[in-house]
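# Residue-level structural notes
Spelled out, the chains give:
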Amino acid sequence: MPEAASVEVEPSPVEVANEGGRSEVVLVCEHAANRLPASYGGLGLPPADLARHIAYDIGAAALTRRLSTRLDAPAFFGTLSRLLVDLNRPFGVPSSMPVLSEATEIPGNRDLSEGERERRRRIVFEPFHATLADFLDRRDAAGRPTRLVAVHSFTPVFLGKARPWHAGILFEPPEAYGRAVLQALRAEGGLEVGENEPYRIDRTEDYAVPVHGTDRGYPAVLVEVRNDLLGTPAEVERWADRLARALTAPLPADEVIHVHA
Ligand SMILES: [Zn+2]
């Protein structure tokens, strides 16, 4: 694996859609893609493994695009596989460049040198988050309110265990927005919606909601949809409709958070 290849030949790690969108909601889809720069040779994995949920969140990009249009919301997509560096992890934690994902070993992440780790930080992690942070700074400066929404999908079976939820809403304190979204999505009916399932927001394991959301004083949630429910454009459309309603649910006025410069 090269450590000194020119930065210019690498694909940009972030794609921004609908940057001028008028919604309060700003969408983040860190695990949108399973692509790897050619120089990484698939991180030693066969193409079949790179097509699995371990490499990206299946269906999440399509759902985010649909939501972006439906809400007129800006959307930020990661363009490279989470296996290269996970954009929703604090940089450098073990799951940030995983040696093992679910039960699959990632040969290209074994024994990474400090130089290679820094390279991934420099060409992928930092530009993605700097682009998003600059954008949010400009909204704050313009006095525009923001709701930060990260969109993910999860595998129906993890390490042999079936998961009962159709979707999950993940949030940390303050909980007003998370609770409002959860309640609104449950009110759609016929759905098993997990509260802080199948994962919990944890500052040592998550990035967008704590750093770009909570730390800025924004209402923030992470949405998880089971990936086998996003298999067709019609299903994606249905989830986009439900989530568009839930994510724009009104917040109790006294719990709206004001951001001070
Ligand atoms: Zn994800």
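Bear in mind the structure is a predicted one, so any value in this text is a computation, not a measurement.

Here is what the cut-offs are and how they apply
Residues numbered from 1 in each chain as written. Predicted model: local features only at pLDDT ≥ 70, side-chain atom pairs only at ≥ 80, totals over all residues. Heavy atoms only, no water. Salt bridge = Lys/Arg side-chain N within 4 Å of Asp/Glu carboxyl O. Helix = DSSP H or I, 4+ residues; strand = E, 2+ residues; numbered from the N terminus. Buried < 20%, exposed > 50% of the residue type's maximum accessible area, 1.4 Å probe, protein only. Donors = N, O, S within 2.8 Å, 3.2 Å for Na, K, Ca; no water. Pairing = 2+ DSSP bridges. Axes fitted to C-alpha atoms, helices over the stretch in contact; angles between N-to-C directions. Contact = heavy atoms within 4.5 Å. Core = buried A, V, L, I, M, F, W, Y, C linked by side-chain atoms within 4.5 Å. pLDDT = per-residue confidence, 0-100. Parallel < 35°, antiparallel > 145°, perpendicular 65-115°, else oblique. Left-handed = near helix turned anticlockwise from the far one by under 90°. Nonpolar A, V, L, I, M, F, W, Y, C, P; charged D, E, K, R; others polar.

## Some details on the pattern of salt bridges
Applying the stated criterion across every chain, the model contains 23 salt bridges. For Glu102, the salt bridge identified is with Arg52, shortest N-O distance 3.8 Å. One end of the pair, Glu102, is in the loop between strand 4 (100–101) and strand 5 (104–105); the other, Arg52, is in the loop between helix 1 (47–50) and helix 2 (60–71), and 50 residues separate them in sequence. We note a salt bridge from Arg110 to Glu105, for which the minimum N-O separation is 3.4 Å. A relative accessible area of 49% places Glu105 in the partly exposed class. Overlapping salt bridges bring together Asp57, Arg82, Asp86, Arg89 and Glu205 as one network.

## Notes on the coordination of the zinc ion
Bound to the zinc ion are the protein donor atoms His31 (ND1), Asp57 (OD) and His152 (ND1), situated 2.0 to 2.1 Å from the metal. Counting the intervening residues between successive donors of the zinc ion yields the motif H-x25-D-x94-H. Placement of the pair is His31 in the loop between strand 2 (25–29) and helix 1 and His152 in strand 6 (residues 147–154), with a sequence separation of 121 residues.

## Considerations on the sheet that holds strand 10 (residues 193–195)
Strands sit in the order 1-3-2-6-11-9-10 across an open sheet of seven strands; the sheet is mixed. Only two strands of the sheet have a single partner each, and these edge strands are strand 1 (14–17) and strand 10. On average, each strand axis in the sheet is inclined to that of its neighbour by 20°, with strand direction left out of account. As judged from the seven bridges shared by strand 6 and strand 11 (residues 220–226), these two strands associate in the parallel manner. Bridge pairing in strand 11 places Ser153 opposite Val225. The strands that helix 6 (residues 233–247) touches are strand 2, strand 6, strand 9 (167–170) and strand 11; relative to strand 11, the one it contacts most, it runs at about 160°.

## Let's talk about the nonpolar core
The biggest cluster of nonpolar side chains holds 40 residues, and the ones touching the most others in it are Leu63 and Leu67. Among the elements that take part in this core, helix 6 stands out by supplying seven residues, more than any other. For Leu67, the residues in contact, after removing those within four places along its chain, are Leu27, Asp72, Val151, Ala240, Leu243, Ala244 and Leu247. Counting residues in each nonpolar core, the second largest holds 38 residues, with Leu112, Val124, Phe128 and Tyr207 among its members.

## Things to note about the confidence of the model for the protein chain
Here the protein chain averages 93 in pLDDT, while 93% of its residues score no lower than 70. Note on residues 1–9: pLDDT is under 50 here. Beyond four places in sequence and across chains, it has 15 contacts.

## Section: the packing of helix 2 against helix 6
Any two packed helices are characterised by how steeply their axes cross, that is the angle between the axes, and by the distance between the axes. Relative orientation of the contacting elements helix 2 and helix 6 amounts to 50°, with a least axis distance of 9 Å. Taken as axis vectors, helix 2 and helix 6 run oblique relative to one another. When the axes of helix 2 and helix 6 are compared, the crossing they make is right-handed. Residue-level contacts link Ala62, Leu63, Arg66, Leu67, Arg70 and Leu71 of helix 2 to Val236, Glu237, Trp239, Ala240, Asp241, Leu243, Ala244, Arg245 and Leu247 of helix 6. Looking at the contact of helix 2 with helix 6, its residues break down into 10 nonpolar, no polar and five charged.

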